[in-house]
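Fold and geometry: a report
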Amino acid sequence: EVQLVESGGGLVQPGGSLRLSCVVSGFTFSHFSMNWVRQTPGRGLEWLSYIGSRSDVIYYEDSVKGRFTISRDNAKNSLYLQMNSLRAEDTALYYCVRCGVKCGGGGYYDLDVWGQGTAVTVSS
Amino acid sequence: QSVLTQSPSVFAAPGQKVSISCSGRDSNIGNNYVAWYQQLPGTAPKLLIYDNDKRPSGIPDRFSGSKSGTSATLGITGLQTGDEADYYCGTWDDYLAAGVFGGGTKVTVL
């Protein structure tokens, strides 16, 4: 069974840091590009970052550029999101999401497997 | 403000058909394939349609997708109470170099 399990969320003060992790199973992690997507009740789904299967391509949404860093360890079947300089508006449920097998070229971009999410609250 | 535009809500009776539209521009829908996601209450989103009109294994053929120019449409026929959910369109935007979503459409079965 394909599974993505996020962890690392919690309560953090404004300006603080958190590192989210996502451990995957049930598929060959090194063959797939990955994403982080977050969701707040008032703002729907918000794409945050993309990383290619070999960490060769990385993209960020503008509001997190310079504050968040995506990375992966294919040997550990793990995806990470280092979040620094956190703000109240970063409060959300953060999803680890697999990109479909054709992602990365030719206009294909389907997010075919989603974790259950880990909640981040930024508040003093 | 979402990059892709969806109407916020749609209401229909059981058994009826609904269409959900998603509007974008050349840099996103115009140039790339569109996916649709279903989010049932309290759960993570699930891929419903990919590559504009393809259904993953296990998705009933009551769900269909299409694309024309810079717009895409999700159709649901034979509406069931279990279809009450939020539906999001998504694609890649070449200009932004980013994934983009619509704001979501809440389907309510009367």
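Refer to the structure above for everything that follows.
Now for a quick tour of the structure. Nothing here was measured: the structure is a model prediction, and the numbers come from that model. (Residues numbered from 1 in each chain as written. Chains lettered and ligands numbered in written order. Predicted model: local features only at pLDDT ≥ 70, side-chain atom pairs only at ≥ 80, totals over all residues. Heavy atoms only, no water.)

Observations concerning a nonpolar patch on the surface
Basically, it comes down to this: The patch calculation keeps residues exceeding 30% relative accessible area without a salt bridge and links them within 9 Å when they carry like charges or within 5 Å when they are nonpolar (Val, Leu, Ile, Met, Phe, Trp, Tyr). All accessible-area figures derive from a Shrake-Rupley calculation using a 1.4 Å probe, and residue coverage is judged against the displayed protein chains alone. The salt bridge definition used is simple: a Lys or Arg side-chain nitrogen within 4 Å of an Asp or Glu carboxyl oxygen. The secondary structure listing takes helices from DSSP runs of H or I that are at least 4 residues long and strands from runs of E that are at least 2 residues long, numbered from the N terminus.
Taken together, B:Val3, B:Tyr95 and B:Leu96 make up a surface patch of nonpolar side chains, about 320 Å² in accessible area. Along the chain, B:Val3 turns up in the segment before strand 1 (9-12).

Focus: the packing of aromatic side chains
Here is the rule: Working definition: rings of Phe, Tyr and Trp (its six-membered ring) pair if their centres are within 6.5 Å, and the pair is stacked with planes under 30 degrees apart, edge-to-face with planes over 60 apart, and tilted otherwise. Ring-over charges, as used throughout, are those where CZ of Arg or NZ of Lys falls within 6 Å of the ring centre and within 35 degrees of the ring normal.
Going through the model one piece at a time under the given rule, you end up with ten aromatic pairs over all chains. Aromatic side chains A:Tyr50 and A:Tyr59 sit 5.8 Å apart centroid to centroid with 45° between the ring planes, which places their arrangement in the tilted category. Feature note: the residues A:Trp47, A:Tyr50, A:Tyr59, A:Tyr109 and B:Trp92 constitute an aromatic cluster, connected by ring pairs. Between the NZ or CZ atom of A:Arg98 and the centre of the ring of A:Phe27, over which it lies, the distance is 4.6 Å. A cation sits over an aromatic face here: A:Arg98 above A:Phe32, 4.0 Å from the ring centre.

Observations regarding the state of the cysteines
Our working rule: We call a pair of cysteine sulfur atoms a disulfide whenever their separation is within 2.5 Å. Summary of the burial criterion: residues with accessible area below 20% of their type's maximum are buried, those above 50% are exposed, and those between are partly exposed, where the area comes from a 1.4 Å probe applied to protein chains only.
Across all of its chains, the model carries three disulfides over all chains by this definition. A:Cys22 shares a disulfide with A:Cys96; S-S distance 2.1 Å. Its S-S torsion of approximately -70° makes the covalent link between A:Cys22 and A:Cys96 left-handed. A residue pair is termed long-range when its members are at least 10 positions apart, and A:Cys22 in strand 3 (residues 18-25) and A:Cys96 in strand 9 (residues 92-99) qualify at 74 residues. A single burial state applies to A:Cys22 and to A:Cys96, both of which are buried. Across a sulfur-sulfur distance of 2.0 Å, B:Cys22 and B:Cys89 are joined as a disulfide pair. Disulfide B:Cys22-B:Cys89: torsion about the S-S bond near 75°, hence right-handed. Separated by 67 residues along the polypeptide, B:Cys22 in strand 2 (residues 18-23) and B:Cys89 in strand 7 (residues 85-93) bring together distant segments of the chain. For the pair B:Cys22 and B:Cys89, a shared accessibility class is recorded, and that class is buried. Each disulfide in chain A links cysteines that, numbered along the sequence, combine into the pattern 1-2, 3-4.

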